[in-house]
Protein chains: 2
Amino acid sequence: MQKKTVRSAPMPAYEQIKRHVLAQIESGALRPGDVVPSETELVKEFGVARMTVSRALRELMAEGVLNRVRGSGTYVAPRQYESTVLQIRNIADEIAARGHRHSARVLALEASDDPNAIAALELGTGPVFHSRIVHSEEGEPIQYEDRYVNPEVFPEYLAQDFTAETPNHYMVRLAPIQRAEFRIYAQKPDARVRQYLEMEIGEPCLLLLRRTWVGRHVATSVRLWHPASRFHLAGTV
Amino acid sequence: MQKKTVRSAPMPAYEQIKRHVLAQIESGALRPGDVVPSETELVKEFGVARMTVSRALRELMAEGVLNRVRGSGTYVAPRQYESTVLQIRNIADEIAARGHRHSARVLALEASDDPNAIAALELGTGPVFHSRIVHSEEGEPIQYEDRYVNPEVFPEYLAQDFTAETPNHYMVRLAPIQRAEFRIYAQKPDARVRQYLEMEIGEPCLLLLRRTWVGRHVATSVRLWHPASRFHLAGTV
DNA sequence: AAGTGGTCTAGACCACGAC
DNA sequence: TCGTGGTCTAGACCACTTT
């Protein structure tokens, strides 16, 4: 009963196995519903005891990443369906998780000198970057995104193609978000928002305001309007 | 390497240990900050291997019930109903924090056989307890609370005076909330809610649905309507 | 029958904190 | 130094599903 040779990385074996499986899911090598290698196979692959593999897979199941069925096997879980306030998720991921098609229409992508936006980003002077995008799920508009971006944090923002990648995904990919502040309102949309979201007159919006920090900089300040009939927020504490 | 004698209950040993610790916390025998018996002690008490105790305590830490410090010990975690993001706060406290006066009007306080409520509380049969209360800030209504309560968790609920203490405060005082699930909607209020909240016709509501757990019981399921013009949610991540 | 996951044992080595 | 938790091993028995 001797511990095997020291691993190069100071990371527990079960954690390495978890990351290995997660990486395969993120890369698309493993898709929802796919069979994950069995405990026995992972034992051989990683040269560890079965308890260690078992813990890794059990924790991934507790995290909602995998489903395990005794006698059958381990499967990649379908993605979660409800958006959450607690996590800064990507509208495109949420839509994809529901098995639906996401599309984005870029209404504006420009520099701006709006003093309110400059203040919200806690900058002294402008210009700042500004984008307005309508996100749709299966062709039905579900979010009107009005976003201001700190050029010091994302200098290449205006050069991106936000029909291919959402601003949120782009920013998360480039910089780790360290803090976020949000406010949630029920609000009647103005005429422009109502039209872009194809809403009935009188239907309210669920409005989410969010500012996120990267280091000491306010990276972005965004207002997200959602038609009340087609969207809600959810989460657990 | 023989498995020990068959347990009377068909429940894993680690699960029994978890329930034992949770029961002590719920009964008040263990309070936040208290030291939980060490792995070695629990190994002796339950006659199991250390890995089994370790798993039980590790899972309770993952659930936020315990804190574990290597070299020091295992401790009961502080109650978290105010530390997290969408805080499970008391409307009366929030109003008091603004230096304002809170008042409550109890519209109903009764037993109910509503099958939806019974299902929401994950009970087999009713009756369950039901209350409807309008909360006001400086005399201005700010929240319409429609709450169902699990009688197994709060048997004395109907005997309380909720003009003096809010249901939320009463429940938090009696039992530690361990988990909460919420959903947030923008919604047009029905006529009754609109009237009690003294809202203009056409003004939307911010509707917060929340279920909270005490141990393995759904303790309460509540719908909170707020006039959009006078209320919003906020938090940080 | 063979393979899967679920649980458990009785040890072990280690990093860390309190004393 | 001693006790604590963190991880790991190399087996084992079991319930269950698939073939």
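What counts, and at which threshold
- Residues numbered from 1 in each chain as written.
- Chains lettered and ligands numbered in written order.
- Predicted model: local features only at pLDDT ≥ 70, side-chain atom pairs only at ≥ 80, totals over all residues.
- Heavy atoms only, no water.
- Patch = residues over 30% accessible without salt bridge, like charges linked within 9 Å, V, L, I, M, F, W, Y side chains within 5 Å.
- Areas by Shrake-Rupley, 256 points an atom, 1.4 Å probe, with all protein chains shown as cover.
- Salt bridge = Lys/Arg side-chain N within 4 Å of Asp/Glu carboxyl O.
- Helix = DSSP H or I, 4+ residues; strand = E, 2+ residues; numbered from the N terminus.
- Buried < 20%, exposed > 50% of the residue type's maximum accessible area, 1.4 Å probe, protein only.
- Near = heavy atom within 4 Å.
- Polar contact = N/O pair within 3.5 Å; in protein donor to acceptor, adjacent residues only side chain to side chain.
- Arc of directions from axis to C-beta.
- Contact = heavy atoms within 4.5 Å.
- Core = buried A, V, L, I, M, F, W, Y, C linked by side-chain atoms within 4.5 Å.
- Pairing = 2+ DSSP bridges.
- Nonpolar A, V, L, I, M, F, W, Y, C, P; charged D, E, K, R; others polar.

Taking an unreviewed UniProt entry as the reference, chain A is identified by name as Histidine utilization repressor belonging to Paraburkholderia unamae.

A separate point is a nonpolar patch on the surface. Residue and element names in this part refer to chain A. On the surface, V106, L109 and L158 cluster together into a nonpolar patch covering about 180 Å² of accessible area. Within the element layout of this structure, L158 appears in the loop between β6 (140-149) and α6 (167-174). The exposure class assigned to L158 is partly exposed, which follows from its relative accessible area of 32%.

Looking now at the protein's contact with DNA strand C. Residues in close proximity to DNA strand C total 30 residues, the closest being R50 and R68 of chain A together with A13, A49 and T52 of chain B. Counting only atoms of DNA strand C within 4 Å of the protein, the fraction found in sugar and phosphate groups is 56%. Interatomic distance of 2.9 Å between a side-chain N/O atom of R55 of chain B and a phosphate oxygen of DNA strand C. Among the secondary structure elements, those contributing two or more residues to the surface near DNA strand C are α2 (39-46), α3 (50-62), β2 (66-69) and β3 (73-76) of chain A together with α1 (13-27) and α3 (50-62) of chain B. In terms of residue count, α3 of chain B provides more of the surface near DNA strand C than any other element does, four residues in total.

A few words now on α6 of chain A. Residues and elements named next belong to chain A. Taken as a whole, α6 has its buried residues at P167, N168, Y170 and M171. Buried residues along α6 cover an arc of 160 degrees about the axis, so they all sit on one side. Where α6 is buried, its residues touch β5 (128-137), β6 and β9 (217-227).

Turning our attention to the nonpolar core. Of all hydrophobic cores here, the largest spans 25 residues; its most connected members are I184, L206, F231 and L233 of chain A together with I184 and L206 of chain B. For this core, the elements supplying multiple residues, two or more each, are α4 (91-97), β7 (179-187), β8 (205-214) and β9 of chain A together with α4 (91-97), β7 (179-187), β8 (205-214) and β9 (217-227) of chain B. Of all hydrophobic cores here, the second largest spans 17 residues; its members include Y14, L30, V36 and V53 of chain B.

All names here are of chain A. With respect to topology, three strands assemble into an open sheet ordered β1-β3-β2, the strand pairing being antiparallel. Each edge of the sheet is formed by a strand with only one pairing partner; in this case those strands are β1 (35-36) and β2. With two bridges joining them, β1 and β3 adopt antiparallel strand pairing. Within the sheet, the bridge partner assigned to V36 lies in β3 and is T74.

Now for the protein's contact with DNA strand D. Near DNA strand D, the surroundings consist of 29 residues, among which A13, A49 and T52 of chain A together with R50 and R68 of chain B are the closest. Counting only atoms of DNA strand D within 4 Å of the protein, the sugar-phosphate share comes to 56%. Within the side chain of R50 of chain B, a nitrogen or oxygen atom sits 2.6 Å from a base nitrogen of DNA strand D. When residues in the surface near DNA strand D are grouped by element, the largest group, four residues, is from α3 of chain A. Tallied by class, residues from the surface near DNA strand D come to nine nonpolar, 11 polar and nine charged.

A few words on the pattern of salt bridges. If you walk through the whole model with that rule in mind, you get 17 salt bridges over all chains. Salt-bridge contacts for E145 of chain B lead to R147 of chain B; the nearest nitrogen and oxygen are separated by 2.6 Å. As far as burial versus exposure is concerned, E145 of chain B and R147 of chain B are alike and both buried. One connected set of salt bridges, linked through shared partners, spans K18, R55 and E59 of chain A.

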